[in-house]
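# Results of the structural survey
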Amino acid sequence: VECVDWTGGQIKNDDCSDDVKNVDLSQVHYLSGPVEIEGAKPGDLLKVEFLNLGPLDGDEWGFTGTFAKENGGGFLTDHFPKATKACWDIEGIWCTSRHIPGVKFAGLIHPGLIGTAPSHELLEMWNEREGALVAEEGTEFEKTLCGCLHTRPLACLPEPKGAMLGKLGHFLDKHEKDEEWDTVALKAARTVPGRENGGNCDIKNLSRGCTVYFPVFVEGAMLSMGDMHMSQGDGEVSFCGAIEMSGFLDLKCSIIKGGMKMLPVVGPSPLCVNPIFEIGPLEPRYSEWLVFEGVSVDEQGRQHYLDATIAYKRAVLNCIKYLAQFGYSEEQVYLLLSCCPCEGRVSGIVDVPNAVCTLAVPLAIFDRDVRPPADLEHFAKGIKAITRDVCISEEGGAVPYDPRLDE
């Protein structure tokens, strides 16, 4: 299965981040599929084995970025409101970037998004619960976390603009011209989050040799995939965030009849299940790591109760500010942590009031020693500043636009 990058080619391999700033997110993700699996029926498990993955021939590059605050934002939008971009060259398993010099690492190619199609009942569950969340914004019922994370909207509800509805057709050809298309487009789920069907879970371990067991909700399972990544850090913290690329997957699919009953049901419906997977034997091997801790106390010093999201945000910020002492800009480190093979962990979740999260960065990816030096005086004199930075757009004024939707 061949896949274009998740934006459908909106981002270019150049030295300007305005394409990220003005990216039209109404039409993403661009996916391949759905692939009908003969014999699959609701209640089955779809076993998907990953045989091989790679970039498309002649397209061996990728990008990492941050969205503008007013057009998507991200995990650290309150600290980094401007759109940024770094482009990466892919040579075999290796990744390097002219925008983040001094780092090189092996990638672990995987699809950020792969999943089966929902039934009508499951789709209604999604729209109801996500719609209720969006309705809370700005009210007394808004979640406490909304004051610490600034990605908006809180959920991406159905949006006809840019929609591609399988065999029903595309927005350009069908919008306000086909009654059936218009009806479906008003209910069709956006592919932004992971859900019970799998979807956009951004799990970097879904690479060669792994096996995923997906619940089947409709006849034929209808498997779709895309959002190919050359490499990703745990959390994909910059949001636009792995090394995004076009690529291919070789898959083997088989059916476990009635196997969905093996998936634990946690929720009010028998549809409240999630896929499970086996990790493959191939991954980058690093033996030395520098690990950063974070606890559930936000940047204003406010205590939160066992909040792992706040704790991970603090771990990421601690890492960014630490590594910026070694000649990198904070924007470079932010993008690097989103795409390099760093490991995130929830280390503690029971010792009230603080959750503890950690972020481990492999030392071997740097061309310099980034461990705390024994002699700070000589360290300060010996810092080699990185002379090339990531692409950074002017703050404000993002205009999401893709001229292809005007054709």
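About the cut-offs
- Chains are numbered independently. Their residues run from 1 in the order of the written sequence.
- The predicted nature of this model means local features are confined to residues of pLDDT at least 70 and side-chain atom pairs, given and counted, to a pLDDT of 80 or more, with totals for whole chains, interfaces and linings taken over all residues.
- The basis for every side-chain value is the complete set of non-hydrogen atoms in the structure, without hydrogens or water.
- We count a stretch as a helix when DSSP gives it H or I for four or more residues in a row; a strand needs E for two or more, and each element gets its number in order from the N terminus.
- Identification of polar contacts relies on pairs of N or O atoms within 3.5 Å, with a donor-acceptor requirement for protein atoms, meaning one able to donate a hydrogen and the other able to accept it, and with residues adjacent in sequence counted only if both atoms are side-chain atoms.
- Any pair of residues with heavy atoms lying within 4.5 Å of one another is described as a contacting pair.
- When DSSP finds two or more bridges between a pair of strands, those strands are recorded as paired.
- Axis definition: a line fitted to C-alpha atoms, over the contacting stretch in the case of helices. Angles run 0 to 180 degrees between N-to-C directions.
- A pairing counts as a salt bridge when a side-chain nitrogen of Lys or Arg comes within 4 Å of a carboxyl oxygen of Asp or Glu.
- Three labels apply to residues, based on accessible area from a 1.4 Å probe with only protein chains included: buried if under 20% of the type maximum, exposed if over 50%, partly exposed otherwise in between.
- Working definition of a nonpolar core: buried Ala, Val, Leu, Ile, Met, Phe, Trp, Tyr and Cys residues. They are joined through side-chain atoms within 4.5 Å.

This part takes up the side chain of T358. Take T358: it is sitting in strand β18 (residues 356-362). One polar contact links T358 to S347, side chain to side chain, over a distance of 3.1 Å. If we ignore the near neighbours within four places in the chain, the residues touching T358 are V291, F292, E293, Y312, E343, G344, R345 and S347.

What the three strands build is an open sheet, ordered β16-β18-β17; its pairing is antiparallel. The open sheet terminates on both sides in strands that have one partner only, identified here as β16 (289-295) and β17 (343-348). For this sheet, the mean inter-axis angle between neighbouring strands, taken without regard to orientation, is 25 degrees. Along the sheet, helix α5 (residues 308-323) contacts β16, β17 and β18; its crossing angle with β16, the most-contacted strand, is approximately 135 degrees.

Once that is clear, we can look at the pattern of salt bridges. Within this structure, the stated rule accounts for 23 salt bridges. With a closest N to O distance of 3.3 Å, R152 and E137 form a salt bridge. A residue pair is termed long-range when its members are at least 10 positions apart, and R152 in the loop between α2 (120-136) and α3 (171-174) and E137 in the loop between α2 and α3 qualify at 15 residues. Since its relative accessible area comes to 27%, R152 is described here as partly exposed. Residue E137 is classed as partly exposed on the basis of its relative accessible area, which comes to 35%. A salt bridge links K204 to E343; the shortest N-O distance between them is 3.3 Å. One end of the pair, K204, is in the loop between β10 (198-199) and β11 (211-215); the other, E343, is in strand β17, and 139 residues separate them in sequence. Through salt bridges with shared partners, one network takes in K204, D234, E343 and R345.

In this structure, F50, W88, F105, V316, L337 and F366 are the most contacted members of the largest nonpolar core, which totals 67 residues. When residues in this core are grouped by element, the largest group, nine residues, is from α5. Ignoring anything within four residues of it in the chain, the contact list for L337 reads G233, V237, V316, C319, I320, C342, L359 and V361. With 14 residues, the next largest nonpolar core counts W6, V23, A68 and C240 among its residues.

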